[in-house]
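Okay, here's what each chain looks like letter by letter:
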Amino acid sequence: MRFTYIFALLVLLSALFVLPVFAQEDPSQDEEGLPPQPVCAAAASQNEPVSIQAPSIESSGSMIRANGGVAFERGNIRITAADAVYNYDTKTGLLTKVTFTTCASARPDYKITAREIRLLPNNKLRAQHASLFIGRLKVLSVPSLKLTVGGGAASSNIFPTPGYDKVDGFTLSQRLRVIDDDRARMSVNLRITSKSGVQGDVSGQYGLDGNLSSFPGRFLSYQSLRSHVLDFPREPVGAPCPPSELQPIDAAHLRAFGILSLKQPTYDISDENLIVYRQPELGLNYIANGINLTKTPLDPRLQIHPEITGDWGRFKESPGMSGFTTRRSVTGTVAANVIPLGSNMAIQPIYSHTWSTYDTGDFYQQSAYAIDASRLLSNGSFASLRYIGRHESGITPFQFDNIDIKQEAQAAFQARLRKHVFGVVLSYDIEAGSLYDWEAMYGWHSDCLASWVQWHSRVHRLSFHVALINL
């Protein structure tokens, strides 16, 4: 129970500084707006068994009415209620005077009490007049609370994230999902800082040829490597998925996206105080399946997805610009597994190229040659080594566009030891011969609740996170 009270203290400190409207579902996306981490396709598609126990139960077709004290279970959902109405066909229902949790323990690490809970289509749940308890301590009360649960849903961060860094001072951030459909998502990311005022962005995605299901593999970007190693594992606690079941069902390869940002920090290597305004940035992104040129099957979590992205946007940097400049760019990336090293290890050469034009008349190109060596262990631990060589030509009016490190080595690993998780990402400037940046994470979890702390050395950023897992 000692960790339970640590959780409670962190959440209580966060809740004291945030409005009730912030208590919405986090889309569990990384900073590039990628979808949640993958889940077993078979588990996500099959019907979860439902158990309803009560002194009085009436049934009519697919409709069940129970009262007198109800015990309801569906997948990891565990609810006690005064009475309940549930439809087996639509997977919808209404329960009143409710206590909800996904914890298996008789003394759950967290629970939500509510006047009523509605089970909605697409694995959603809405609680009215809800209170959140960590252990026995009430940390939050809100008029309405929405979660995505069951069916292999991503974990939900309903808690704000407190932090501190030398650029922005004390910070409190929260991502709110305002649209949450199978093919469309939109979220608002708010960040309150003591030195830089309010920062934020509105971002959205739409699946043009399918649903916004997640892909199991990785991408070339630093944020992709960071999200795999420094974010707490989001997959359900328990036996790992067979690799064959990680491929998403009806996933959109072609996706439209948009972002509108206010004072977005870039943490540019040459200028840590650089911020960017996007008003707006719009584009299309095509994600291809991983390429495996060997005869040995490869775990899809190790594959680096080829992709092509085209975007148009109006940008302004500060300091340095008084007005907006339009940029049009296309980026293509290709990677392949070329050496048969078994299903849990891969060496993948990568090539990426970007073409950009601006309304100033400038033209800019950037290319990157890389090689990635990665290993995935049976317990989910992960390690990766990368070399990236970058080249540029032409002129860009933006500092965030250009190359800061021409030759870079990156190392990353995440170790999972029972209920503990450790992660480190190291970035080394080969030409300067220095380790210019590193980040670390430590976390602990039960079967339903996780807490972790992150440290970013270059900007001296410390942040604390609490999340519900295994929903």
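As shown above, the structure is provided for reference.
Residues numbered from 1 in each chain as written. Predicted model: local features only at pLDDT ≥ 70, side-chain atom pairs only at ≥ 80, totals over all residues. Heavy atoms only, no water.

On a plain count of helices and strands, the protein chain comes out with three helices and 24 strands. Burial statistics for the protein chain: of 471 residues in total, 51% are counted as buried. In the protein chain, 55% of the contacts between residues at least 6 apart in sequence involve partners at least 24 apart. Entry remark: accessible area of the protein chain is about 20,900 Å², with carbon and sulfur atoms responsible for 58%. (Helix = DSSP H or I, 4+ residues; strand = E, 2+ residues; numbered from the N terminus. Buried < 20%, exposed > 50% of the residue type's maximum accessible area, 1.4 Å probe, protein only. Contact = heavy atoms within 4.5 Å. Areas by Shrake-Rupley, 256 points an atom, 1.4 Å probe, with all protein chains shown as cover.)

A few words on the state of the cysteines. Under the criterion given, the structure shown has one disulfide. Two residues, C103 and C448, share a disulfide whose sulfurs are 1.9 Å apart. Here C103 and C448 share a disulfide; its torsion about the S-S bond, 85 degrees, makes the bridge right-handed. Here C103 is found in the loop between β5 (92-101) and β6 (110-120), whereas its partner C448 is found in the loop between β22 (434-445) and β23 (449-456), with 345 residues between them in sequence. (Disulfide = S-S within 2.5 Å.)

With that settled, consider the packing of aromatic side chains. Each aromatic ring pair is summarised here by two numbers: the centre-to-centre distance and the angle between the ring planes. Scanning the entire structure with this criterion turns up nine aromatic pairs. Ring geometry for F315 and F398: centres 5.8 Å apart, planes at 70 degrees, overall edge-to-face. Taken as a pair, F315 in strand β15 (residues 307-318) and F398 in the loop between β19 (382-394) and β20 (407-417) lie far apart in primary sequence, 83 residues in all. In terms of burial, F315 and F398 fall into one category: buried. K111 extends its terminal NZ or CZ atom over the ring of F133, reaching a point 5.4 Å from the ring centre. The aromatic ring of Y277 is capped on one face by K316, whose charged end is 4.8 Å from the ring centroid. (Phe/Tyr/Trp six-rings, centres within 6.5 Å; stacked < 30°, edge-to-face > 60°. Lys NZ or Arg CZ within 6 Å of the ring centre and 35° of its normal.)

On to a negative patch on the surface. A surface patch of negative charge is lined by D181, D182, D209 and D250. Its location among the elements puts D181 in the loop between β10 (169-180) and β11 (184-193). For D181, a relative accessible area of 43% puts it in the partly exposed group. (Patch = residues over 30% accessible without salt bridge, like charges linked within 9 Å, V, L, I, M, F, W, Y side chains within 5 Å. Salt bridge = Lys/Arg side-chain N within 4 Å of Asp/Glu carboxyl O. Lys, Arg positive; Asp, Glu negative; His and termini not counted. Charge placed at Lys NZ, Arg CZ, Asp CG, Glu CD.)

What follows deals with the pattern of salt bridges. Taken as a whole, this structure holds 15 salt bridges when the rule is applied. Two residues, R278 and E281, come together in a salt bridge whose shortest N-O distance is 2.8 Å. In terms of burial, R278 and E281 fall into one category: buried. One continuous salt-bridge network, built from bridges that share partners, spans R278, E281, D311, R327 and D401.

We now examine the environment of G210. Structurally, G210 can be placed in the loop between β12 (197-207) and α3 (222-230). Overall, G210 belongs to the buried group, its relative accessible area being 4%. As a C-alpha pair, G210 and I249 span 39 residues in sequence and 9.0 Å in three-dimensional space. Aside from chain neighbours lying at most four places away, what touches G210 is R183, D250, A251 and A252.

Here the focus is the pairing of β11. Counting buried positions over the ten residues of β11 gives seven, a clear majority of the element. Bridge count for β10 against β11 is nine bridges, and the pairing is antiparallel. Note on β11: the bridge partner recorded for S173 is R191. Hairpin connection, β10 to β11: the antiparallel pair is bridged by three residues. Both β11 and β12 contribute to a ladder of ten bridges, which runs antiparallel. Bridge pairing in β12 links S187 to S203. Here β11 hands over to β12 after three residues, the two strands then running antiparallel side by side. (Pairing = 2+ DSSP bridges.)

Now for the nonpolar core. I79, L95, F100, Y110, I112, I117 and L132 are the most contacted members of the largest nonpolar core, which has 36 residues in total. For this core, the secondary-structure elements that each account for two or more residues are β3 (63-74), β4 (77-87), β5, β6, β7 (124-134), β8 (137-148) and β24 (461-468). Counting residues in hydrophobic clusters, the runner-up holds 17 residues, among them L225, V229, F382 and I469. (Core = buried A, V, L, I, M, F, W, Y, C linked by side-chain atoms within 4.5 Å.)

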